[in-house]
Amino acid sequence: MKTADFDFDLPPDRIAEHPAKPRDAARLLDVAERLHDRTVRDLPALLEPGDLMVVNDTRVIPARLDGRRGEVRVEITLHKREGEREWATFARPGKRLKPGDVIAIAEDFAAEVVAKDGMEVRLRFSKGGPALMEALHRHGRMPLPPYIRREADEQDAADYQTVFAAREGAVAAPTAGLHFTPELLAALDTRGIRRVPVTLHVGAGTFLPVKVDDIAEHRMHSEWGEISAETAEAINATRAAGGRIVSVGTTALRILETAGLDDRSIRAFSGDTDIFITPGYRFKIVDLLLTNFHLPRSTLFMLVCAFAGMDTMKAAYAHAIGQNYRFFSYGDASLLRRV
């Protein structure tokens, strides 16, 4: 298939700059046999007692740093942890950076370039472990996606974090989880919808464009994830009892499908995944998907087309654009059913 097959026209004013207030007031496009305009607060009524909701408990870190290489200002966006002191990053401007260069971030905090691979720059920081995380919290800022055309502010420290956030390591939010509130969780509990966590530390590579014409040639970014034995057991028990698996977001879906087996059971898992889901993929675990609206020509739009059908998703996105739904990280949501 061609990348152009996943293109569509999106007016720039559909890109959300701020989230809905309160979070569960966001709109929800219910993509079933027909399209239904709802709100996220309607979610409990759209699920059934016995369904199991899987959420991503990753926590976004202040992954954007400003430094200097000599007189040149350098903006660093962390991408993926590679060790106690090393991270794969994206740097701007990055063309002239070379191994051995040192980027000064603060008086007692710096990073050395250890390798380059295309757009990716591997850095070794002067601090490691908890000291590095403390330095990031002191000197870093929230890494808002590149399509939000403003600087992160104090409110983003709360807005760009889900209610499930527990394990630090993501550099982008699992955005479907941004719609949940304590009140919505209570309503889901009352409805008999259980939930379990998985972890996928979302990397900045999720925003990288697909630059090849043939999607089979696209190189997918890698992210670290984990599924506990307890979560795997709950998923297998739910399926055995006839319940459905509801993934909150494409990040949870990607780690679930990575660990899924051909008999549609799942195992505990810990490690990297670079799974690239496109039309023709046979889903093993997920039955329903709650997800935001994604970029044209992106790997995530390819994923939702694989999940719910390309014609269905193109019609759903055309409806969403026509009805002024808000797109991307701070935007509205859709509820999809596996074809």
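- The name given to the protein in an unreviewed UniProt entry is S-adenosylmethionine:tRNA ribosyltransferase-isomerase, and the organism recorded there is Azospirillum formosense.
- Reading the Pathway (unreviewed entry) entry of the UniProt record for the protein gives the comment "tRNA modification; tRNA-queuosine biosynthesis."
- Regarding the protein, the UniProt comment filed under Function (unreviewed entry) reads as follows: "Transfers and isomerizes the ribose moiety from AdoMet to the 7-aminomethyl group of 7-deazaguanine (preQ1-tRNA) to give epoxyqueuosine (oQ-tRNA)."

## Here's the deal with the side chain of glutamate 223
So, step 1. Counting through the fold element by element, glutamate 223 comes out in strand S13 (residues 223–227).
So, step 2. Assessed through its relative accessible area of 2%, glutamate 223 is described here as buried.
So, step 3. Within the structure, the side chain of glutamate 223 is placed 2.9 Å from the backbone nitrogen of glycine 203, a separation counted as a polar contact.
So, step 4. At 3.3 Å, the side chain of glutamate 223 forms a polar contact with the side chain of histidine 221.

## Thoughts on helix H6 (residues 250–259)
So, step 1. Within H6, 10 of the 10 residues are buried, which leaves the element mostly enclosed by the surrounding structure.
So, step 2. Considered for burial, the residues of H6 that qualify are Thr250, Thr251, Ala252, Leu253, Arg254, Ile255, Leu256, Glu257, Thr258 and Ala259.

## With respect to the sheet that holds strand S2 (residues 35–39)
So, step 1. With mixed pairing, 9 strands are arranged side by side in an open sheet as S2-S1-S17-S16-S14-S3-S12-S13-S15. Taken across any chain shown, the strands that pair with only one partner, and hence form the sheet edges, are S2 and strand S15 (269–273). For this sheet, the mean angle separating the axes of adjacent strands, direction not counted, is 25 degrees.
So, step 2. Bridge analysis of strand S1 (residues 27–31) against S2 gives 5 bridges, and the strand direction is antiparallel. When the bridges of S2 are listed, arginine 27 appears paired with threonine 39.

## Description of the nonpolar core
Across soluble globular proteins, nonpolar side chains have a tendency to be buried as a group.
So, step 1. Core analysis: the biggest nonpolar cluster contains 62 residues, and Tyr160, Ile227, Leu256, Met313 and Phe327 have the highest contact counts within it.
So, step 2. Residue assignment for this core shows that the elements contributing at least two residues are S1, strand S3 (52–56), strand S12 (194–201), helix H5 (229–240), H6, helix H7 (299–308) and helix H8 (310–322).
So, step 3. The element that contributes the greatest number of residues to this core is H7, accounting for 8 residues.
So, step 4. Of all hydrophobic cores here, the second largest spans 24 residues; its members include Trp87, Ile103, Val113 and Phe125.

## Some remarks on the pairing of strand S17 (residues 333–337)
So, step 1. Counting buried positions over the 5 residues of S17 gives 4, a clear majority of the element.
So, step 2. Bridge count between S1 and S17: 4 bridges; the pairing is parallel. Note on S17: the bridge partner recorded for leucine 28 is alanine 333.
So, step 3. Both strand S16 (residues 288–292) and S17 contribute to a ladder of 5 bridges, which runs antiparallel. Pairing of asparagine 292 across the sheet is with alanine 333, part of S17.

## A word on the packing of H6 against H7
So, step 1. Packing of H6 against H7 brings their axes to within 11 Å, and their N-to-C directions diverge by 65 degrees. Classified by the angle their axes make, H6 and H7 are roughly perpendicular. Pair H6 / H7 crosses with left-handed handedness. Residues Thr250, Leu253 and Arg254 of H6 lie in contact with H7, whose contacting residues are Leu300, Leu303 and Phe307.
So, step 2. Tallied by class, residues from the contact of H6 with H7 come to 4 nonpolar, 1 polar and 1 charged.

## Thoughts on the environment of lysine 314
So, step 1. One can find lysine 314 in helix H8.
So, step 2. Judged by relative accessible area, lysine 314 falls into the partly exposed class, the value being 35%.
So, step 3. Between the C-alpha atoms of lysine 314 and phenylalanine 6, which are 308 residues apart in sequence, the distance is 8.5 Å.

## Topic: empty space enclosed by the protein
So, step 1. Counted by the stated rule, this structure contains 3 cavities of 30 Å³ or more.
So, step 2. Approximately 310 Å³ is the volume attributed to the largest cavity.
So, step 3. Lining the largest cavity we find 27 residues, and of these Thr175, Thr206, Thr250, His294 and Leu300 sit closest to its centre.
So, step 4. Of all the elements in the fold, those that place two or more residues in the lining of the largest cavity are H6, S16 and H7.
So, step 5. For the lining of the largest cavity, a count of residues per class yields 13 nonpolar, 12 polar and 2 charged.

What counts, and where the lines are drawn
Residues numbered from 1 in each chain as written. Predicted model: local features only at pLDDT ≥ 70, side-chain atom pairs only at ≥ 80, totals over all residues. Heavy atoms only, no water. UniProt positions renumbered as here; feature names shortened; annotations may be inferred. Helix = DSSP H or I, 4+ residues; strand = E, 2+ residues; numbered from the N terminus. Buried < 20%, exposed > 50% of the residue type's maximum accessible area, 1.4 Å probe, protein only. Polar contact = N/O pair within 3.5 Å; in protein donor to acceptor, adjacent residues only side chain to side chain. Pairing = 2+ DSSP bridges. Axes fitted to C-alpha atoms, helices over the stretch in contact; angles between N-to-C directions. Core = buried A, V, L, I, M, F, W, Y, C linked by side-chain atoms within 4.5 Å. Parallel < 35°, antiparallel > 145°, perpendicular 65-115°, else oblique. Left-handed = near helix turned anticlockwise from the far one by under 90°. Contact = heavy atoms within 4.5 Å. Nonpolar A, V, L, I, M, F, W, Y, C, P; charged D, E, K, R; others polar. 1 Å grid on protein atoms, 1.4 Å probe; cavity = no way out; pocket = protein on both sides within 12 Å on 5 of 7 lines; lining within 4 Å. Points joined across faces, edges and corners; volume = space filled by probe spheres on them.

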